[in-house]
Amino acid sequence: MKIDILTLFPEMFDALNYSIIKRGMENNLFEINVINIRDFSKDVHKKCDDYPYGGGAGMVMMAQPIVDAFRSVNTENAKVIYTSPKGKKFNQSLSKDLAKEEHLIILCGHYEGVDERALEILNADEISIGDYVLTGGELPAMVIIDSLVRNIKGVINENSLQEESFSNGMLEYPQYTRPEVFENKKVPDVLLSGHHKNIQIWREEQSKIITKKRRPDLLGE
Ligand code: 4GY
């Protein structure tokens, strides 16, 4: 998969150069390419924003630099995403669908947003990572990328994907590691028993309990 990111703040994406994502890129499982929209400004001062028509606070990102940046990377089968609170809500199921794409282009808005005509020309699908407002689309783009690359084959151990939260429509059971006792708190006996069937039963029970308590909506309640 190729992921092109269109942004005014390319340095923010240095945050992706760590851990599992870094290893996935080194193993050529996907490629991330950051494009600075400012490089496509035709203004002498490289200006990329302007006042909103109709008045109001803040600045709006101009269509021209965005559309030119987009055209510099666009391909026939590219899927285009714009991260915004007005979008369709992102979740694990959408993440798995996006992981199957060959080419993603993600536009990151800033300030008051982008000129609507750019979104129309890019034919962008708007995706929201949740009902709150951020200062820009860069963090949501990174959230979406982090989540979807985990679902690309080879990026993480297949077994880890199987029992994690949402994989079976429920939240994950609690995890423990050494030592057996920490500040007088003991690891549940069943996990030390070596009895795989009982461990599986305990984990399923714990999943149900925590899901019922915290996210009854996932159980249709
Ligand atoms: N929530 N989910 C979100 C966001 C910031 C002004 C458009 C969100 O996805 N994006 O809050 N984005 C705004 C800032 C321009 C994006």
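All residue numbers here refer to positions counted from 1 along the written sequence of the relevant chain. Per-residue local features of the predicted model are confined to residues with pLDDT of at least 70, and side-chain atom pairs are confined, for both listing and counting, to 80 or more; whole-chain, interface and lining totals are unaffected and use all residues. Note that the side-chain values use all heavy atoms of the structure and ignore hydrogens as well as water.

**Q** I'm lost on helix α5 (residues 138–150) in this one. Help?
**A** Quick reminder: α-helices carry 3.6 residues per turn. Residues three or four places apart thus point the same way. Put simply, DSSP marks the helices as runs of H or I at least four residues long and the strands as runs of E at least two long, and each gets a number from the N terminus on. What a helix should span is 1.5 Å times the count of its residues minus one. Helix length check: α5, at 13 residues, gives a terminal C-alpha distance of 19 Å against a target of 18 Å (1.5 Å per residue), a fit within 8%. Each residue gets one of three labels from its accessible area relative to the maximum for its type: buried under 20%, exposed over 50%, partly exposed in between, using a 1.4 Å probe on protein chains only. Every buried residue of α5 is listed here: E138, P140, A141, M142, I144, I145, S147, L148 and V149.

**Q** Mind showing me how you'd approach the site of the ligand here?
**A** Residues are labelled near a given molecule or strand when at least one of their non-hydrogen atoms is within 4 Å of it. Near the ligand there are 18 residues, and of these Y111, I129, G130, Y132 and L134 occur at the shortest range. Residues adjacent in sequence count toward polar contacts only when both atoms are side-chain atoms; beyond that, a polar contact is any pair of N or O atoms within 3.5 Å, and within protein one must be able to donate a hydrogen and the other to accept it. Here a nitrogen atom of the ligand sits 3.2 Å away from a polar atom, N or O, in the main chain of S84. Within the contact set of the ligand, a nitrogen atom lies 2.9 Å away from a backbone nitrogen or oxygen of Y132. About the coverage of the ligand: the protein hides 95% of its 390 Å² of free accessible area. Of the grid points, spaced at 1 Å and generated over the protein atoms alone, those admitting a 1.4 Å probe that cannot get out make up cavities, while open sets with protein on both sides within 12 Å along at least five of seven lines make up pockets; any residue with an atom within 4 Å of a point is treated as lining. For this analysis, a molecule is said to be in a pocket or cavity if more than half of its atoms are within 2 Å of the grid points defining it. Assessed atom by atom at 2 Å from the grid points, the ligand resides in the largest pocket. Contributions of two or more residues to the shell around the ligand are made by β5 (78–89) and β7 (125–128). Here the shell around the ligand takes four residues from β5, the largest share from any one element. Among the residues forming the shell around the ligand, the class breakdown is nine nonpolar, nine polar and no charged. Per-residue and other accessible areas were derived by the Shrake-Rupley procedure at a 1.4 Å probe size, with only the shown protein chains allowed to occlude residues. Residues were grouped as follows: Ala, Val, Leu, Ile, Met, Phe, Trp, Tyr, Cys and Pro as nonpolar; Asp, Glu, Lys and Arg as charged; and all remaining residues, including Gly, as polar.

**Q** Honestly, the sheet that holds strand β1 (residues 2–7) in this entry has me stumped. Any pointers?
**A** Pairing between the strands of a sheet comes from backbone hydrogen bonds, and it takes one of two forms, parallel or antiparallel. Spatial ordering of the open sheet is given by β2-β1-β6-β5-β7, a layout of five strands whose pairing is parallel. In this open sheet, the two strands that pair with only one neighbour each are β2 (31–36) and β7. Going from strand to strand, the sheet's axes swing by 30° on average, the running direction of each strand aside. Any two strands are treated as partners once DSSP identifies two or more bridges connecting them. As paired elements, β5 and β7 share five bridges and run parallel to each other. From the neighbouring strand, Y82 faces β7, where its bridge partner is E126. Axes here refer to lines fitted to C-alpha atoms; in helices the fit is confined to the stretch in contact. Angles between the N-to-C directions go from 0 to 180 degrees.

**Q** Sorry, what's going on with the pattern of salt bridges here?
**A** Pairing of side chains with opposite charge becomes possible as their charged atoms draw close. Salt-bridge detection follows one rule: a side-chain nitrogen of Lys or Arg within 4 Å of a carboxyl oxygen of Asp or Glu. Counted by the stated rule, this structure contains 12 salt bridges. Between K2 and D4 there is a salt bridge, with its nearest N and O atoms 3.9 Å apart. Close ionic contact of D50 with K47 constitutes a salt bridge, the shortest N to O distance being 3.8 Å. According to the relative accessible area criterion, K47 is partly exposed, its value standing at 32%.

**Q** What am I meant to see in the pairing of strand β6 (residues 103–108) here?
**A** Two faces make up the sheet, and in a regular strand the side chains alternate between them. Most of β6 is tucked away, with six of its six residues classed as buried. The alternating pattern of β6 places H103, I105 and L107 on one face and L104, I106 and C108 on the opposite face, and all of these are buried. Bridging between β1 and β6 involves five bridges; their strand directions are parallel. The residue bridging D4 from the neighbouring strand is I105, located in β6.

As far as function goes, none of this settles anything; it's purely spatial.
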